[in-house]
Amino acid sequence: MADRAQLELAISLQGEKVRGLKQNKASSDEIAEEVAKLLELKAKLGTDDGKHKFVLKTPKGTRDYNPKQMAIREKVFNIIVGCFKRHGAETIDTPVFELKETLTGKYGEDSKLIYDLKDQGGELLSLRYDLTVPFARYLAMNKITNIKRYHIAKVYRRDNPAMTKGRYREFYQCDFDIAGQYDPMIPDAECLKIVHEILSELALGEFLIKVNDRRILDGMFAVCGVPDSKFRSICSSVDKLDKTPWEEVKIEMVGEKGLAPEAADRIGEYVQRNGGLDLIEDLIKHPKLSENKLALEGLNDMKILFQYLELFGVKDKICFDLSLARGLDYYTGVIYEAILLQNQGEAKQQNDHMDESVGVGSVAGGGRYDGLVGMFDPKGRKVPCVGVSIGIERIFSIMEQKLEASEEKIQTTETQVLVASAQKKLLEERMKLLTELWNAGIKAEMLYKKNPKLLSQLQYCEETGIPLVAIIGEQELKDGVVKLRAVSSREEVDVTRLNLVEEILKRTKAP
């Protein structure tokens with residue numbers, strides 16, 4: 001009974017928390033997360049007779065999307081796909097689950113987040129963790145040596161979800177990749193240009209794209225005295241610098257991963273530096289780093305990259321940041337990550353170290369992975385690849401919050417016009433007009449009532465955001481016209497039946 005009393009108290013406190021969030025008009029994501037916790041507690045309580053109570057809820061780390069949220073998603077997807085197509089990409093699709101061995105050993109420390117499926121017929125399977133490894137498998141399996149492709153699909157991670165920050169267990173990824181043997185840094189520069197175009201068009205606010213190179217990182221680790229066997233694990237620690245202060249990262253390197261304190265101190269001198277071409281030039285002349293062949297190769301390529309970024313007109317948003325590591329094992333060259341900034345003043349501080357107080361989270365990331373396809377090829381043939389993944393869920397969360405704050409009305413359908421009647425017994429005439437509009441490709445609808453009131457029909461347009469009403473009455477039928485009403489301005493004009501389609505198209509054409 002004591003356990004039940006504690007559970008009832010926890011339910012009461014959680015209920016108060018949810019009510020408080022609703023009163024303070026917190027974001028829908030934050031409320032949904034706390035409601036999910038409340039439902040979990042209620043499910044544990046069960047019924048009075050001790051039987052488990054069934055609670056209707058989505059699994060942890062997942063969510064439903066209402067029509068309003070889906071309208072936002074569709075808008076975002078259209079912008080992203082439009083950009084990918086503008087750059088000449090074609091699309092593919094791959095299974096939502098892969099053979100477990102396909103995914104094993106590709107994600108470093110994150111491998112523990114892979115969802116394994118129970119054996120259902122002789123094959124050990126896992127849900128895909130990202131779209132990059134399945135893409136590499138697809139290239140190797142089909143012996144494709146060059147392609148420019150985009151892929152938008154759901155991926156799955158057994159992570160601790162932070163739904164208010166747009167982190168889920170089931171989420172969409174939007175990937176763009178260029179596979180093939182090309183001259184250095186040309187495809188890499190285009191990937192960064194694409195990130196710049198998408199973030200500019202989405203108008204989420206000021207952003208910064210951090211770039212680094214795995215070869216520079218590995219060279220830096222070597223000159224700092226990191227043993228080869230510890231490169232990847234130390235790289236994972238450095239990758240936490242965007243969220244964790246250097247002192248804590250250093251403790252992890254030394255205490256948990258057994259790195260010598262002096263080696264960690266030397267790493268600290270490098271990873272707290274960032275800038276542009278000046279920093280690249282400075283490091284090329286660095287007495288120790290320049291002696292490392294791998295690091296020098298990376299720095300020279302980085303210099304070429306910045307020259308191309310200047311030609312593409314995006315260099316002002318790019319920052320060479322030695323703390324950027326990206327924890328995935330398959331990266332071999334250039335790596336990058338886009339973060340949103342809190343305000344315009346901070347955006348100008350591009351040469352200052354970006355920490356959690358300034359950045360509001362990563363919204364895109366990627367890099368070069370020249371060895372991944374070779375892992376799947378029986379003969380080990382390599383297909384150089386570079387790509388970018390747009391952090392779509394975080395972008396959705398930000399856009400939802402912005403729209404909630406602005407209270408802007410969102411039209412959840414694409415309906416251009418509602419066919420309405422001003423008098424009774426005109427259902428047949430409405431159906432005839434509706435058919436004419438549908439046949440002409442106009443997106444139209446009507447209310448499913450024989451004799452709806454005109455006011456009800458107009459209110460429906462107001463509520464759903466339909467911009468036009470085509471009103472017919474006995475007089476309009478006699479005169480061969482339709483009264484076209486603009487919902488927002490309430491302005492009405494008589495249009496001949498013959499010109500109606502043209503007039504609707506003219507008035508609903510996107511600006």
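Residues numbered from 1 in each chain as written. Predicted model: local features only at pLDDT ≥ 70, side-chain atom pairs only at ≥ 80, totals over all residues. Heavy atoms only, no water.

A. Molecular detail of the packing of aromatic side chains. All told, the structure shown has 7 aromatic pairs when counted by the stated rule. With 5.6 Å between their ring centres and 85 degrees between their planes, F77 and F396 make a pair best called edge-to-face. Remark: F396 occurs in helix α15 (residues 392-406) and F77 occurs in helix α3 (residues 67-86); sequence separation between them is 319 residues. Residues F77 and F396 agree in their burial class; the two are buried. An aromatic cluster is built from F77, Y172 and F396, whose rings are joined through pairwise contacts. Across from the ring centre of F135, 4.0 Å away, lies the NZ or CZ of R149, which sits over that ring. (Phe/Tyr/Trp six-rings, centres within 6.5 Å; stacked < 30°, edge-to-face > 60°. Helix = DSSP H or I, 4+ residues; strand = E, 2+ residues; numbered from the N terminus. Buried < 20%, exposed > 50% of the residue type's maximum accessible area, 1.4 Å probe, protein only. Lys NZ or Arg CZ within 6 Å of the ring centre and 35° of its normal.)

B. Representation of empty space enclosed by the protein in the model. Enumeration over the complete set of coordinates arrives at 2 cavities of 30 Å³ or more. In terms of lining residues, the largest cavity is bounded by K210, V238, D239, L241, D242, S323, L324, A325 and E337. Empty space within the second largest cavity amounts to approximately 30 Å³. Lining the second largest cavity are Y65, R73, K154, E170, F171, Y172 and E393. (1 Å grid on protein atoms, 1.4 Å probe; cavity = no way out; pocket = protein on both sides within 12 Å on 5 of 7 lines; lining within 4 Å. Points joined across faces, edges and corners; volume = space filled by probe spheres on them.)

C. Local environment of the environment of R169. Positionally, R169 belongs in the loop between β4 (147-156) and β5 (170-179). On a C-alpha basis, the gap between R169 and M302 in space is 35 Å, while along the polypeptide they are 133 residues apart. Look past the residues within four positions of R169 in its chain and what remains in contact with it is K60, G61, Y115, V155, Y156, R157, R158, D159, N160 and P161. (Contact = heavy atoms within 4.5 Å.)

D. Spatial organisation of the sheet that holds strand β13 (residues 444-445). Pairing within the open sheet is mixed, and its 5 strands lie in the order β13-β12-β14-β15-β16. Of all the strands in the sheet, the pair left with one neighbour each is β13 and β16 (492-496). Examined bridge by bridge, strand β12 (residues 417-421) and strand β14 (residues 468-472) share 5 bridges and lie parallel to one another. The partner of V419 across the bridge, within β14, is A470. Against the sheet, helix α19 (residues 500-508) contacts β12, β14, β15 (481-486) and β16, and its axis sits at roughly 10 degrees relative to β15. (Pairing = 2+ DSSP bridges. Axes fitted to C-alpha atoms, helices over the stretch in contact; angles between N-to-C directions.)

E. A look at the UniProt feature "binding site: L-histidine" (unreviewed entry) in the protein. Residues annotated by UniProt as "binding site: L-histidine" (unreviewed entry) correspond here to D130, L131, T132, R157, Q173, D177, R326, Y330 and Y331. Using a relative accessible area of 2% as the deciding quantity, one classes D130 as buried. Every residue in contact with D130, bar those within four places of it in the chain, is listed here: Y107, V155, R157, Q173 and Y330. Within polar-contact distance, the side chain of D130 engages the backbone nitrogen of V133 at 3.3 Å. Here R157 lies in the loop between β4 and β5. The buried category is assigned to R157, whose relative accessible area is 18%. When neighbours within four sequence positions are excluded, R157 is seen to be in contact with L113, Y115, Y129, D130, Y168, R169, F171 and Q173. (UniProt positions renumbered as here; feature names shortened; annotations may be inferred. Polar contact = N/O pair within 3.5 Å; in protein donor to acceptor, adjacent residues only side chain to side chain.)

F. Highlighting the environment of H151. Summarising the element assignment, H151 is placed in strand β4. A relative accessible area of 2% means that H151 is categorised as buried. Aside from chain neighbours lying at most four places away, what touches H151 is T91, I92, D93, T94, R128, L131, Q173, C174 and D175. At 2.9 Å, the side chain of H151 forms a polar contact with the side chain of D93.

G. A look at the nonpolar core. One finds F84, F221, I267 and F320 to be the most contacted residues of the largest nonpolar core, which totals 100 residues. In terms of residue count, the dominant contributor to this core is α3 (9 residues). Grouped together as the second largest cluster of nonpolar side chains are 17 residues, I442, M446, L484 and L500 included. (Core = buried A, V, L, I, M, F, W, Y, C linked by side-chain atoms within 4.5 Å.)

H. Focus on α15. When the terminal C-alpha atoms of α15 are compared, their 21 Å separation across 15 residues agrees well with the 21 Å that a helix rising 1.5 Å per residue should span. Positioned one or two residues after α15, E407 has a phi angle of 55 degrees, which is positive. (Expected span 1.5 Å × (residues − 1).)

I. A positive patch on the surface, seen in detail. Positive charge collects at one region of the surface, where K424, K425, K449 and K453 lie side by side. For K453, the location among the structural elements is in the loop between β13 and α17 (454-464). A relative accessible area of 63% means that K453 is categorised as exposed. (Patch = residues over 30% accessible without salt bridge, like charges linked within 9 Å, V, L, I, M, F, W, Y side chains within 5 Å. Areas by Shrake-Rupley, 256 points an atom, 1.4 Å probe, with all protein chains shown as cover. Salt bridge = Lys/Arg side-chain N within 4 Å of Asp/Glu carboxyl O. Lys, Arg positive; Asp, Glu negative; His and termini not counted. Charge placed at Lys NZ, Arg CZ, Asp CG, Glu CD.)

J. Structural context of the pairing of strand β9 (residues 334-341). Of all 8 residues in β9, 8 are buried; the element is thus mostly enclosed. Two elements, strand β6 (residues 207-213) and β9, share 7 bridges in a ladder whose sense is antiparallel. Bridging across to β9, V211 finds its partner in Y336.

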